[in-house]
Amino acid sequence: MQVRVTGKLVRLRPFQDLEELATLTQVLNTEDQFWGSSWWPLAQMRQGFEQHAMLDDSCWFSFAAIDRLDTPELIGYEVIQLPKPGQLSAEIGTGILKQHWHNGFGREAKQLALKLLFENYALECITATTLVHHRRAIAGLDAIGMRREGSIRRSFFTGGKYADKVKYIITRQEWQRMQSENESRRPEA
C-alpha cells in the first residue's frame, strides 16, 4: 500500500530515511509536556526502519511523516496501527512539533489517517487515546468526529502524578456518514 495522502494543510508520507525519523522523534519525545519524555533506542528504530520503513503491520505501530503544504517542512508524525489480517480495529495518534500547534495540522493529519485506514482496510472502528488533561488533543478528537468511549482512571504516570487516559472511537459507519454529510455541503462546481 502506498502511504501518501494529501489534505488542504498537510500531507502524510513515508519518512525519507532513518535520520529524518530519529531527529523528529528525539525532539517530540523530549518536549512532550503531556505524556512526558520518552526514549526510543536508535538500534530498535533502525531495525524497524530497515525492515519496513516504519510502514507495515510487522510492528504494533507505523509512523508516517506529516509535512506542511504551505512551507514544505516536516512538522510531526502520525502514528498509525496498520491492521494485521482479520483485525477489525486500529489506532491512531499524532505528534506535532510545538511551534506548529494551533493551526489545524494535527486535526487534518488525524482525518487523513482515518481516510487511509478506512479506505484501505476492512476495519469496523478506529480508536485514539489521550490524557484527560490534554484539552487540545481532546478538542481535536471531538472535532474530527471521534467520540469519547471511556476512560481508564489513574493509568499513566506523568509529571510526578497519575493521570487518566481517555479513549476515543469512530466506527466505519460514523465515518462514512460524516463523509456523506461533507460531500453534500460542498458547493457545486
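Read on for a plain summary of the structure.

Cut-offs used in this document
Residues numbered from 1 in each chain as written. Predicted model: local features only at pLDDT ≥ 70, side-chain atom pairs only at ≥ 80, totals over all residues. Heavy atoms only, no water. Helix = DSSP H or I, 4+ residues; strand = E, 2+ residues; numbered from the N terminus. Buried < 20%, exposed > 50% of the residue type's maximum accessible area, 1.4 Å probe, protein only. Contact = heavy atoms within 4.5 Å. Areas by Shrake-Rupley, 256 points an atom, 1.4 Å probe, with all protein chains shown as cover. Pairing = 2+ DSSP bridges. Right-handed = clockwise from strand over helix to strand, strands pointing away. Salt bridge = Lys/Arg side-chain N within 4 Å of Asp/Glu carboxyl O.

**Overview of the overall build of the chain**
In terms of regular secondary structure, the chain is built from 5 helices and 8 strands. The N-to-C order of helical and strand elements in the chain reads β-β-α-α-β-β-β-α-β-α-β-β-α. The 189 residues of the chain split such that 42% are buried. Long-range contacts, defined here as pairs at least 24 residues apart, represent 61% of the contacts in the chain between residues at least 6 apart. Counting only carbon and sulfur atoms, one obtains 50% of the accessible surface of the chain, whose full area is about 10,700 Å².

**Thoughts on the pairing of strand S6 (residues 125-131)**
Here S6 lies mainly inside the structure; 6 of its 7 residues are buried. In terms of strand pairing, strand S5 (residues 89-96) meets S6 through 4 bridges, oriented parallel. Bridge pairing in S6 places Ser89 opposite Cys125. In this view, the connection linking S5 to its parallel neighbour S6 by way of helix H3 (residues 105-120) has right-handed handedness.

**Thoughts on the pattern of salt bridges**
The tally for this structure, following the rule as stated, stands at 8 salt bridges. A salt bridge links Asp67 to Arg13, with the shortest nitrogen-to-oxygen separation between them at 2.5 Å. In this pair, Asp67 is assigned in strand S3 (residues 62-68) and Arg13 in strand S2 (residues 10-13), connecting sequence segments 54 residues apart. Each member of the pair, Asp67 as well as Arg13, is classed as buried. Residues Lys115 and Glu119 are paired through a salt bridge, measuring 3.2 Å at the closest nitrogen-oxygen approach. Pair noted here: Lys115 and Glu119 are both in helix H3, with a separation of 4 residues, about one helical turn.

**Remarks on the environment of Gly140**
Looking at where Gly140 falls in the secondary structure, it is placed in helix H4 (residues 135-143). Taking relative accessible area as the criterion, Gly140 reaches 5% and is therefore assigned buried. Between the alpha carbons of Gly140 and Glu108 there is a distance of 9.2 Å; along the sequence they are 32 residues apart.

**Points about unusual backbone geometry**
Look at His102: it is not a glycine, yet its phi comes out positive at around 65°. Following the sequence through the fold, His102 ends up in the loop between S5 and H3.

By themselves these figures say nothing about function.
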